[in-house]
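One-letter residues, chain by chain:
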Amino acid sequence: MSTNNVRPADMERITTPALAQKFIQEQVEELKAQIGDKKVLLALSGGVDSSVVAALLIKAVGQQLVAVHVNHGLLRKGEPEQVVRVFRDQLKANLVYVDAVDRFLDKLAGVADPEQKRKIIGAEFIRVFEEEARKLSGISFLAQGTIYPDILESGPVKSHHNVGGLPEDLQFELVEPVKFLFKDEVRMVGKELGLPDSMVFRQPFPGPGLGVRCTGAITRDRLEALRESDAILREEFEKNGLAGKVWQYFTIVPDYKSTGVKNDKRSWDWPVIIRAVNTRDAMTATVEEIPYALLHHITQRIVTEVPGVNRVLYDLTPKPTGTIEWE
Ligand code: XMP
């Protein structure tokens, strides 16, 4: 496996299922040769990149892969369950599922500053992963879902999923089978590996997850309102053909309330903000023009189905001036 970080000039762009199959075969052979009969560890977030790496490794070395999924409580509705269903039940992977929800939410309690929240989530993630790694014996390799844009940008975007910051005794040799692939190539490979479309064509999701959409100090009830409203938005976007068209769409639940009326009684509840944007590189973004009828329908569903919510707003702000996330 190449140790440098430049995509080989003669590497063919993966544009067809046949080319994806060819890549898979070659990678499986390389992984087998690199790993031999040793064990390899992977932090499996359930995002496209780590899922594709997991599927490649399962194909190459089967049970020698130990995939660790940390549920930090800030994932979208159904995501941790999907990771277990796909990797443990269907692909028969050696999956360690870590329920760290209370741990993360306790650490985050009362913390309102966005950067502080990010730091806590990142640090706690590494701590949990480290603990799991220490429980295992005989690990020789650490697999990562690094992709080519991560290398090109080498930005902080994936910092907490890339567990390179592990202490000395947990410094394993790296396995990065998709590090020269662009996102569309990773998706094509994932599809050919038989991963579900809902995983392969997933919209971008920030490492700190719902944590940066439950603004200010996270509370469990507001996080629940966020998860439920996000699930409704995603369901409606899928039903109405917007899911594959809009680059990123989600809800935000801010940490303030407003008055409302429900069942002839005055209410004092949270608003839900909908954000749906299109972009090429996330540096600038435009707002999707969602049909009004659909916005009304989604609003109606959210205010009736999500406890603690009495208002829905649509964020019409492009980037600049608004960032895509609210924190
Ligand atoms: P902003 O909000 O800066 O977001 O316009 C641009 C893109 O980056 C994602 N994002 C993050 N991704 N960790 C991540 O992995 C983060 O802390 C983070 N903050 C923003 C955001 O979802 C959007 O796609």
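Source: prediction; values computed, not measured.

**Focus on unusual backbone geometry**
Among all residues save glycine, negative phi is the norm, and among peptide bonds the norm is trans. Residues Lys 319 and Pro 320 are joined by a peptide bond in cis, for which omega reads -10 degrees. Its location among the elements puts Pro 320 in the segment after strand 10 (309-314). Cis rather than trans, the peptide bond between Pro 320 and Thr 321 has omega equal to 20 degrees. As for its placement among the helices and strands, Thr 321 is situated in the segment after strand 10. At Asp 264, a position not held by glycine, the phi torsion is positive, near 65 degrees. Position of Asp 264 relative to the elements: it lies in the loop between strand 7 (258-262) and strand 8 (265-278). Residue classification places Asp 264 among the exposed residues on the basis of a relative accessible area of 81%.

**Focus: the pairing of strand 4 (residues 139-143)**
With four of its five residues buried, strand 4 lies for the most part within the structure. Alignment of strand 1 (residues 39-43) against strand 4, held across four bridges, turns out to be parallel. Across the sheet, residue Lys 39 finds its bridge partner in strand 4, namely Ile 139. Both strand 4 and strand 5 (residues 173-175) contribute to a ladder of three bridges, which runs parallel. Opposite Phe 141, over in strand 5, you have Glu 173 as the bridge partner.

**Notes on helix 4 (residues 101-108)**
Buried within helix 4 are the following residues: Phe 104, Leu 105 and Leu 108. The arc enclosing the buried residues of helix 4, seen along the axis, measures out at 90 degrees, which places them on a common side. Those residues of helix 4 hidden inside the fold are in contact with strand 2 (65-71), helix 5 (114-135) and helix 9 (220-239). After helix 4 finishes, the residue Gly 110 shows a positive phi value of roughly 80 degrees.

**Comments concerning the packing of helix 2 (residues 48-61) against helix 7 (residues 183-192)**
Helix 7 packs onto helix 2 with a crossing angle of 45 degrees between their chain directions and a minimal axis gap of 10 Å. Taken together, the axes of helix 2 and helix 7 are oblique relative to one another. Judged by the sense of rotation from one axis to the other, the crossing of helix 2 with helix 7 is left-handed. Contacts from Val 48, Asp 49 and Val 52 in helix 2 reach Lys 183, Val 186, Arg 187, Val 189 and Gly 190 in helix 7. Counted by class, the contact of helix 2 with helix 7 contains four nonpolar, one polar and three charged residues.

**Section: the domain arrangement of the protein chain**
Examined at the domain level, the protein chain breaks down into domain 1 (17-200) and domain 2 (213-314). Computed over C-alpha atoms, the centres of domain 1 and domain 2 are 29 Å apart. Each side of the interface is counted separately: domain 1 has 13 residues, and domain 2 has 12 residues. One can count three salt bridges joining domain 1 with domain 2. A salt bridge links Arg 220 to Asp 106, with the nearest nitrogen and oxygen atoms 3.4 Å apart. The interface formed by domain 1 and domain 2 holds eight residue pairs in polar contact (both at pLDDT 80 or more) in total. For the side of domain 1 that touches domain 2, the element with the most residues is helix 4, which contributes four residues. Across the side of domain 1 that touches domain 2, the residue classes break down as six nonpolar, two polar and five charged.

Each value, and the rule that gives it
Residues numbered from 1 in each chain as written. Predicted model: local features only at pLDDT ≥ 70, side-chain atom pairs only at ≥ 80, totals over all residues. Heavy atoms only, no water. Helix = DSSP H or I, 4+ residues; strand = E, 2+ residues; numbered from the N terminus. Buried < 20%, exposed > 50% of the residue type's maximum accessible area, 1.4 Å probe, protein only. Pairing = 2+ DSSP bridges. Arc of directions from axis to C-beta. Contact = heavy atoms within 4.5 Å. Axes fitted to C-alpha atoms, helices over the stretch in contact; angles between N-to-C directions. Parallel < 35°, antiparallel > 145°, perpendicular 65-115°, else oblique. Left-handed = near helix turned anticlockwise from the far one by under 90°. Nonpolar A, V, L, I, M, F, W, Y, C, P; charged D, E, K, R; others polar. Domains from an automatic or database assignment. Salt bridge = Lys/Arg side-chain N within 4 Å of Asp/Glu carboxyl O. Polar contact = N/O pair within 3.5 Å; in protein donor to acceptor, adjacent residues only side chain to side chain.

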